[in-house]
Amino acid sequence: VRQRSPPTRSASGSGRRRGWSVKPTTVKAAERLAETVLHTDLPDEVKPVAGGAVHYGMGMFSGAIYGAIAEVLPIVRAGNGLVFGAALWWVADNTAVRAVGLSKRPSAYPPSTHADALSSHVVYGFVTETVRRVLRLVP
C-alpha cells in the first residue's frame, strides 16, 4: 500500500518533504491496528518502523495469496505478474484503503501519484511472479 495522504504543515519539522510533512497510509494503518488490537497509541518514534512492518506485511500477505492462486489458476500469471500488480494497485490503493477510511477518493490525488503507485505495483507483480517461478525450480 502506497502513501496517499495529502500534505499537512509540520510544526516539528519531522518527516518534512519540500516544507510539508506527510503521514503515510501504512503509518495510519499501524496506528489503527495499535488502537484496535493493543488498545494503545503508538509512540512517535515507533511509527516509521510500524508503518514499514504494515507495508512489508501486506506485501508478504499479497505475495503468498498470489503464489497459492497462481498454482491453481494459470490465468492469474498473465503478463508474468504484471496484471496481478496492476490489479493489486487498483484493489489495495484505490479501493480497500479508501473503504477503510485511510485515504481520500482517488480523484483527490494527482495523476503522478497514481502513476508512481501503479508502476511500483506492476514491478512488484513482476518480481513476485519471477520469484514464484524460481522457487518452483528449487528441489
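Because the structure is a prediction, the values reported are computed rather than measured.

(A) How the structure looks around the nonpolar core. Judged by nonpolar contacts, Tyr66, Ala70, Phe84, Leu88 and Ala92 together constitute the single largest core of five residues. Going through the elements one at a time, helix H2 (47-72) and helix H3 (82-99) are the ones with two or more residues in this core. Top contributing element to this core by residue count: H3, with three residues. Residues in contact with Tyr66, not counting those within four places in the same chain, are Val76, Arg77, Gly81, Phe84, Thr128, Glu129 and Arg132.

(B) Unusual backbone geometry, seen in detail. Of note, His39 is a non-glycine position whose phi angle comes to about 55°, a positive value. Tracing the sequence through the fold places His39 in the loop between helix H1 (25-38) and H2. In this structure His39 comes out as exposed when scored by relative accessible area, which is 67%. We note that Asn80 has phi near 55°; this positive angle belongs to a residue other than glycine.

(C) Looking closely at H2. Its 26 residues give H2 an end-to-end C-alpha distance of 38 Å, which sits within 8% of 38 Å, the value for a rise of 1.5 Å per residue. Every buried residue of H2 is listed here: Lys47, Ala50, Gly51, Ser62, Gly63, Tyr66, Gly67 and Ala70.

The rules we used
- Residues numbered from 1 in each chain as written.
- Predicted model: local features only at pLDDT ≥ 70, side-chain atom pairs only at ≥ 80, totals over all residues.
- Heavy atoms only, no water.
- Core = buried A, V, L, I, M, F, W, Y, C linked by side-chain atoms within 4.5 Å.
- Buried < 20%, exposed > 50% of the residue type's maximum accessible area, 1.4 Å probe, protein only.
- Helix = DSSP H or I, 4+ residues; strand = E, 2+ residues; numbered from the N terminus.
- Contact = heavy atoms within 4.5 Å.
- Expected span 1.5 Å × (residues − 1).

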